[in-house]
Amino acid sequence: MYSCSAQKQLIEGEEETVLKENLQYYLYFPKEYEKEDSKLFPLLLFLHGGGESGETLGELKKNGPPKMLAEGYPFPFMVLAPQNPHKKKWWNVHSVMQLLDTVIAHHRVDPKRIYLSGLSRGGSAAWDLAVQYPDRFAALAVVCGMAPVPYASWIDRELPIWVFHGTEDQSIPFSESEDMVAALKEMGYDVAFTVYEGVGHNSWEQAYATEALYEWMVKQKRK
């Protein structure tokens, strides 16, 4: 039996915490946006990897959709690409969602056609967002990200998912995606898995060059 003095050391408390995050970002509008001024447009939320974190915003143009935009690729939807301001910290996914909600509130975004994608550390954050906000996204594409297999069942079962990973990845093991895809398929999820044999961590170079990925995205819409 514990003494009364030990019980007196236990107190109850409460504190409201406030976390502020400064997120720089790129926001792309397809050329049709101004021409069709009453139309709602799909939006791709893209989360970059660790190599672009905590640097100047221009660093985002090294990889993925921001690189393609800098090269003139005509995405058929809006693209929102925020930057993680912390070099060695994970994405603050709640701040990312606040930014997304602000963009939706101020622009003609179709809330039923929001696509989510990320590579490496951003891929891990994309899984996290799909787990914590299961009712927000119309499609999910993850490239070489760490996957929360124990939480797989929390993802919306109607969410179409496409995963990409290189078998020789030395930064985030191929098994991360392999195990997650196996778990999701076992539970009946709609998952596509593209495996790059002999490719290392830079599997995003091939993944985001896949035209079929964007054709697949634009076909998706939340019910």
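Before reading on, note that the structure itself is shown above.
Residues numbered from 1 in each chain as written. Predicted model: local features only at pLDDT ≥ 70, side-chain atom pairs only at ≥ 80, totals over all residues. Heavy atoms only, no water.

**Notes on the packing of aromatic side chains**
By convention here, two paired aromatic rings are described through the distance between centres and the angle between planes.
Alright, step 1. Under the counting rule described, the total for this entry stands at 15 aromatic pairs.
Alright, step 2. A centroid spacing of 6.4 Å and a plane angle of 20 degrees characterise the contact between Phe-164 and Tyr-196, whose relative ring orientation is stacked. On the criterion of sequence distance, the pair formed by Phe-164 in strand β6 (residues 161–166) and Tyr-196 in strand β7 (residues 191–196) is long-range, its members being 32 residues apart. Here the two residues Phe-164 and Tyr-196 agree in accessibility, since each one is buried.
Alright, step 3. Linked through ring pairs, Tyr-28, Tyr-73, Phe-75, Phe-77, Tyr-115 and Tyr-214 together constitute an aromatic cluster.
Alright, step 4. Positioned above the aromatic ring of Phe-41 is the side chain of Lys-39, whose terminal nitrogen or guanidinium carbon lies 5.0 Å from the ring centre.
Alright, step 5. The ring of Tyr-33 has Arg-108 sitting right over it, with the charged end atom 4.0 Å from the ring centre. (Phe/Tyr/Trp six-rings, centres within 6.5 Å; stacked < 30°, edge-to-face > 60°. Helix = DSSP H or I, 4+ residues; strand = E, 2+ residues; numbered from the N terminus. Buried < 20%, exposed > 50% of the residue type's maximum accessible area, 1.4 Å probe, protein only. Lys NZ or Arg CZ within 6 Å of the ring centre and 35° of its normal.)

**Topic: the packing of helix α4 (residues 93–106) against helix α5 (residues 121–132)**
Alright, step 1. Look at α4 against α5: their axes get within 10 Å of each other, and the N-to-C directions meet at 75 degrees. It follows from the interaxial angle that α4 and α5 lie roughly perpendicular. On the side of α4, the interface is formed by Val-93, His-94, Val-96 and Met-97, while α5 contributes Ala-125, Asp-128, Leu-129 and Gln-132.
Alright, step 2. Here the residues of the contact of α4 with α5 are counted per class, giving five nonpolar, two polar and one charged. (Axes fitted to C-alpha atoms, helices over the stretch in contact; angles between N-to-C directions. Parallel < 35°, antiparallel > 145°, perpendicular 65-115°, else oblique. Contact = heavy atoms within 4.5 Å. Nonpolar A, V, L, I, M, F, W, Y, C, P; charged D, E, K, R; others polar.)

**Remarks on the environment of Phe-46**
Alright, step 1. For Phe-46, the position within the fold is in strand β2 (residues 41–47).
Alright, step 2. Taking the C-alpha atoms as reference points, Phe-46 and Ile-11, 35 residues apart in sequence, are found 44 Å from one another.
Alright, step 3. If sequence neighbours within four positions are ignored, Phe-46 has contacts with Asn-63, Gly-64, Pro-65, Pro-66, Leu-80, Ala-81, Pro-82, Ser-117, Gly-118, Leu-119 and Tyr-208.

**So, the nonpolar core**
Alright, step 1. Within the largest apolar cluster, 39 residues are counted, with the highest numbers of intra-cluster contacts made by Leu-45, Trp-127, Ile-155 and Ile-161.
Alright, step 2. Among the elements of the structure, β2, β3 (78–82), α4, β4 (109–119), α5, β5 (139–143), β6 and α6 (174–186) are those that each provide at least two residues to this core.
Alright, step 3. A per-element tally of this core places α4 first, with seven residues.
Alright, step 4. Contacts of Ile-161, omitting those with residues within four sequence positions, involve Trp-127, Leu-140, Ile-155, Leu-184, Tyr-189, Asp-190, Val-191, Ala-192 and Trp-216. (Core = buried A, V, L, I, M, F, W, Y, C linked by side-chain atoms within 4.5 Å.)

**Overview of helix α8 (residues 211–218)**
Alright, step 1. Every buried residue of α8 is accounted for by Leu-213, Tyr-214, Trp-216 and Met-217. Along α8, the residues classed as buried sweep out an arc of 155 degrees about the axis, all on the same side. (Arc of directions from axis to C-beta.)

**Description of the sheet that holds β7**
Alright, step 1. Across the sheet, which stays open at both edges, the seven strands sit in the order β1-β3-β2-β4-β5-β6-β7 with mixed pairing between neighbours. Both edges of this open sheet fall to β1 (25–28) and β7, since each of them pairs with a single strand only. Averaged over all pairs of adjacent strands, the angle between strand axes in this sheet comes to 15 degrees, irrespective of strand direction.
Alright, step 2. The pairing of β5 with β6 spans four bridges and is parallel. When the sheet's bridge partners are listed, Val-143 is paired in β6 with Phe-164.
Alright, step 3. The sheet strands contacting α5 are β2, β4, β5 and β6, and the helix crosses β4 at an angle near 140 degrees.
Alright, step 4. In the packing of α6 onto the sheet, the strands contacted are β6 and β7, and the crossing angle to β7 comes to about 155 degrees. (Pairing = 2+ DSSP bridges.)

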